[in-house]
Amino acid sequence: MLNRKSEEYYQRPFSRVKSVAMAVPLAQTTLLFRTSLLLSKNALRSFTSCIPPSSSSSSYSSSELHRKQWRQPVASVLEFGGVKIGREDVVRDDPTNNVPDSIFSRLGMQLHRRDQHPIGILKNAIYEYFDTSYSNTFDKFDNLCPIVSVKQNFDDVLVPADHVSRSYNDTYYIDSQTVLRCHTSAHQAELLRKGHTHFLVTGDVYRRDSIDSTHYPVFHQMEGVRVFQPDEWEASGIDATSYAAEDLKKCLEGLARHLFGAVEMRWIDAYFPFTNPSFELEIYFKEKWLEVLGCGVMEQEILKRADRVNNVAWAFGLGLERLAMVLFDIPDIRLFWSNDERFTSQFSKGQLGIKFKPFSKYPPCYKDMSFWINESFTENNLCEIVRGVAGDLAEEVLLIDNFTNKKGMTSHCYRIAYRSMERSLTDEEINELQWNVRDQVQSKLKVVLR
Ligand code: DAH
């Protein structure tokens, strides 16, 4: 299921905090209380990206050429509503920072703002539904800066202090007070405070995660919020919460029909820190129930802090990749980032129904690696290394064996699948990647290879 882990983490019962050690112990963050230069200025600013320098492939040896092809060029400067952000503001060799270059290279790409890209086409189709159903009353934001404060990302939406999503293992921290937003809910509170009562926020969100065909550390979400005034529910004779919940369900069922046609749907009770009651919508698609979004009636505390004590509101958040993979028949989440014309040329503005035709399937290559783990080992940290070395050539990292010996030492064996979406890989190239991964796993994770 798409974004299985990441999209579900707000639903994990909050007492069941993952018992893994964080990638960087939080205690170390007391070293620095440097207020980020980004924070005060960028809150609701829009941002424009600087296109990464184009690469030319003139005089490179074959392995250099391969490296150039699979490493995305890193933009040196991004611009956030007039504030310039350099690589050194986002990626730093500092214990409070866990953002790799591969993530910095995705900042500013904004797939959701490309009208010919499946993510942009889907965003526009959802806009169209809201514009028609609500006579253009929803304000739309798709250019809010993805660098936000811990307060915006977590505190403002009531994410508990010990919630797993706050860990360095799950979230990208720029410093102890600044993160790459892990959900578009990070903008709810501020927009409410600014007086918006009907809005949609679309943006790129960032999460440290596992590697497989449906997980990628950057993906896109759309958040929706609608606030009601007392006169709206008073006339109906039902209580405010039930009124908002009913309206929410009606709105989202309409959206699902707009995107998928006449589908079967069901509502599942859920848990999110920011809503109560909370629900998930599932649709029956290709003989499976597919979770499409999370939503609920906004916690009164969020409205109260925005000076809206007499109001009630609903909110929802949906993952655009998950929907786009189904709607366009896209089999691997890495394809969304492909610049290969055989992918990009298949989509056009306004065409939601088009089915992707795979241009070819290159063979995967599997490499196994076994090691004794230590207390601080996490799979996300391993995946971060694999992505750092192999980039989008890493298709899957799968735990295939796990045992503990009599001395209490635990061994993990991972199978890494390397595959390009665009070409055949050479043995030489894959071996080089694998040696690199082995080296870094040993030196950075301090595990003992077997
Ligand atoms: N922020 C949630 C997530 O990323 C999704 C979500 C669920 C957003 C419920 C909402 C909501 O606004 O009401 O998992």
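Data block above holds the structure.
Residues numbered from 1 in each chain as written. Predicted model: local features only at pLDDT ≥ 70, side-chain atom pairs only at ≥ 80, totals over all residues.

### Section: the sheet that holds strand β6 (residues 178-180)
As a reminder of what qualifies: Strands pair, by our definition, only if DSSP identifies at least two bridges between them. Counting from the N terminus, the helices are the DSSP runs of H or I reaching at least four residues and the strands are the DSSP runs of E reaching at least two. Under this scheme, a helix contributes an axis fitted over its contacting stretch, all axes are lines through C-alpha atoms, and angles between N-to-C directions fall in the 0 to 180 degree range.
Across the sheet, which stays open at both edges, the 3 strands sit in the order β4-β6-β5 with antiparallel pairing between neighbours. Of all the strands in the sheet, the pair left with one neighbour each is β4 (147-149) and β5 (173-175). Neighbour to neighbour, the strand axes of the sheet diverge by 35° on average, direction disregarded. In this structure, β5 lies alongside β6, joined through 2 bridges in antiparallel fashion. Note that in β6 the partner of tyrosine 173 across the bridge is valine 179.

### Examining the pairing of strand β10 (residues 275-285)
Strand direction decides the pairing type here: strand β9 (residues 264-272) and β10, joined by 8 bridges, are antiparallel. Across the sheet, residue arginine 266 finds its bridge partner in β10, namely glutamate 282. Once β9 ends, the chain turns through 2 residues before running back antiparallel as β10. The pairing of β10 with strand β11 (residues 288-298) spans 9 bridges and is antiparallel. Note on β11: the bridge partner recorded for tyrosine 284 is tryptophan 289. Counted along the chain from β10 to the antiparallel partner β11, the turn is 2 residues long, and its residue lysine 286 has a positive phi close to 45°.

### Side note on the sheet that holds strand β16 (residues 448-449)
Reading across from one edge, β14-β15-β13-β16 is the order of the 4 strands in this open sheet, with antiparallel pairing throughout. Edge positions in the open sheet fall to β14 (394-404) and β16, since each of these has one partner strand only. Of the pairings in the sheet, the one linking strand β13 (residues 365-372) to strand β15 (residues 410-418) comprises 8 bridges and is antiparallel in character. Paired with tryptophan 372 across the strands is serine 411, a residue of β15.

### Observations regarding the site of the ligand
Where we set the bar: Using the backbone to place each C-beta atom, any residue with that atom within 6 Å of a molecule or strand is considered near it. Each residue gets one label: Ala, Val, Leu, Ile, Met, Phe, Trp, Tyr, Cys and Pro are nonpolar, Asp, Glu, Lys and Arg are charged, and the others, such as Gly, are polar.
What surrounds the ligand is a group of 14 residues, the closest being His183, Ser185, Gly294, Ala315 and Gly317. At the level of elements, β11 and β12 (312-319) are the ones that each hand at least two residues to the shell around the ligand. Per-class residue counts for the shell around the ligand are 6 nonpolar, 6 polar and 2 charged.

### Focus on the pairing of β13
Two elements, β13 and β16, share 2 bridges in a ladder whose sense is antiparallel. Across the sheet, tryptophan 372 pairs through a bridge with valine 448, a residue of β16.

### Some words on helix α10 (residues 240-260)
Since there are 3.6 residues in each turn of an α-helix, residues three or four apart along the chain are aligned in direction. What counts is decided by this rule: By this rule, a helix spans an expected 1.5 Å times one less than how many residues it contains. For the exposure call, what matters is how many other C-beta atoms sit within 10 Å of a residue's own: 20 or more marks it buried, 12 or fewer exposed, and in between partly exposed, using C-beta atoms placed from the backbone.
With 21 residues, α10 extends 30 Å between its outermost C-alpha atoms, agreeing within 8% with the 30 Å of an ideal straight helix rising 1.5 Å per residue. Buried within α10 are the following residues: Tyr243, Ala244, Ala245, Leu248, Leu252, Leu255 and Ala256. Looking at the residues trailing α10, positive phi occurs at glycine 261, about 85°.

### Things to note about unusual backbone geometry
Among all residues save glycine, negative phi is the norm, and among peptide bonds the norm is trans. A cis amide bond links asparagine 276 with the next residue in sequence, proline 277, at an omega value of 0°. Mapping proline 277 onto the fold places it in strand β10. Despite not being glycine, asparagine 136 has its phi angle at roughly 55°, a positive value. Among the structural elements, asparagine 136 can be located in the loop between α6 (118-133) and β3 (139-141). Judged by the 11 C-beta atoms lying within 10 Å of it, asparagine 136 is exposed.

### Focus: the packing of helix α14 (residues 379-390) against helix α15 (residues 427-445)
Applied cut-off: Under this scheme an angle from 65 to 115 degrees is roughly perpendicular, one under 35 degrees roughly parallel, and one over 145 degrees roughly antiparallel; angles in between are oblique. In this scheme the crossing of two helices becomes right-handed for a clockwise turn of the near helix relative to the far one and left-handed for an anticlockwise turn of less than a right angle. Whether two residues are in contact is decided by their C-beta atoms, placed from the backbone, lying within 7 Å.
Between α14 and α15, the shortest axis-to-axis distance is 9 Å and the interhelical angle comes to 140°. Taken together, α14 and α15 sit at an angle that is classed as oblique. Classified by chirality, the crossing of α15 by α14 is right-handed. Taken together, the residues of α15 that come into contact with α14 (itself represented by Asn381, Leu382, Ile385, Val386, Val389 and Ala390) are Leu433, Asn436, Val437, Gln440, Val441, Lys444 and Leu445. The residue inventory of the contact of α14 with α15, partitioned by class, reads 9 nonpolar, 3 polar and 1 charged.

### Topic: the packing of α6 against α10
At their nearest, the axes of α6 and α10 sit 10 Å apart, and the two run at 130° to each other. Considering the angle they form, α6 stands oblique to α10. In this structure, the crossing between α6 and α10 has a hand that is right-handed. Residues Ala125, Ile126, Tyr129 and Ser133 of α6 form the contact with α10, whose participating residues are Gly254, Leu255, His258 and Leu259. Among the residues making up the contact of α6 with α10, the classes are represented as 5 nonpolar, 3 polar and no charged.

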